[in-house]
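# Coordinate analysis (summary)
Here is how the chains run, residue by residue.
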Amino acid sequence: MDRKRFITKAFDTLGLVGILLLLILLYLNKFADEGAAVTHYRFDILIVFLCCVLIHYVYLATLTIQNKQVMWAIALFLAPVPVYWIYYGFYKFNIWKLKRSSPQVS
């Protein structure tokens, strides 16, 4: 596996970990009992979630600049929270579309 593909996979995994942690936090805040074992680690999960999202945000921002997507870069700078999730969905959709269109090697 070449280096660029490895880096892309690593940061995509980091983004998915961030989404998973967000879902865990939402579950803990809405449905979990106070006596559940994981509720004591809410703050720790929140800090790890924020770190994952921040690192992945910086990766996506540099990716927009490298690909000369000026409008996305400006939008990420002006409204980082909503545009991050929109651009991440757009990015994953483009990767999925590219994988579907590329010929499969047996």
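Here is what the cut-offs are and how they apply
Residues numbered from 1 in each chain as written. Predicted model: local features only at pLDDT ≥ 70, side-chain atom pairs only at ≥ 80, totals over all residues. Heavy atoms only, no water. 1 Å grid on protein atoms, 1.4 Å probe; cavity = no way out; pocket = protein on both sides within 12 Å on 5 of 7 lines; lining within 4 Å. Points joined across faces, edges and corners; volume = space filled by probe spheres on them. Helix = DSSP H or I, 4+ residues; strand = E, 2+ residues; numbered from the N terminus. Nonpolar A, V, L, I, M, F, W, Y, C, P; charged D, E, K, R; others polar. Expected span 1.5 Å × (residues − 1). Buried < 20%, exposed > 50% of the residue type's maximum accessible area, 1.4 Å probe, protein only. Arc of directions from axis to C-beta. Salt bridge = Lys/Arg side-chain N within 4 Å of Asp/Glu carboxyl O. Core = buried A, V, L, I, M, F, W, Y, C linked by side-chain atoms within 4.5 Å. Contact = heavy atoms within 4.5 Å.

### Digging into the layout of surface pockets
Its boundaries defined by the atoms lining it, the largest pocket holds a volume of some 460 Å³. In terms of lining residues, the largest pocket is bounded by Lys 4, Arg 5, Thr 8, Lys 9, Asp 12, Tyr 91, Lys 92, Asn 94, Ile 95, Leu 98, Lys 99 and Ser 102. Those elements giving two or more residues to the lining of the largest pocket turn out to be α1 (3-30) and α4 (80-101). Per-element accounting of the lining of the largest pocket gives the leading share, six residues, to α4. In terms of residue class, the lining of the largest pocket is built from three nonpolar, three polar and six charged. Roughly 350 Å³ of volume is contained in the second largest pocket.

### A word on α4
The first and last C-alpha atoms of α4 sit 31 Å apart over 22 residues, in line with the 32 Å expected at 1.5 Å per residue. If you check which residues of α4 are buried, you get Val 83, Tyr 84, Tyr 87, Tyr 88 and Tyr 91. Take α4 and look down its axis: the buried residues cluster within an arc of 135°, on one side only. Exposed side of α4, more than 90 degrees from the buried face: Ile 86, Arg 100 and Ser 101 are the residues found there.

### Re the pattern of salt bridges
Under the definition given, this model contains one salt bridge. For Lys 92, the salt bridge identified is with Asp 12, shortest N-O distance 3.8 Å. One end of the pair, Lys 92, is in helix α4; the other, Asp 12, is in helix α1, and 80 residues separate them in sequence.

### Points about the nonpolar core
Counting 19 residues, the largest nonpolar core has Leu 60, Leu 76, Tyr 84 and Tyr 91 as its most contacted members. If near-sequence neighbours (up to four positions away) are discounted, Tyr 91 is found in contact with Thr 8, Asp 12, Tyr 59, Leu 60 and Leu 63.

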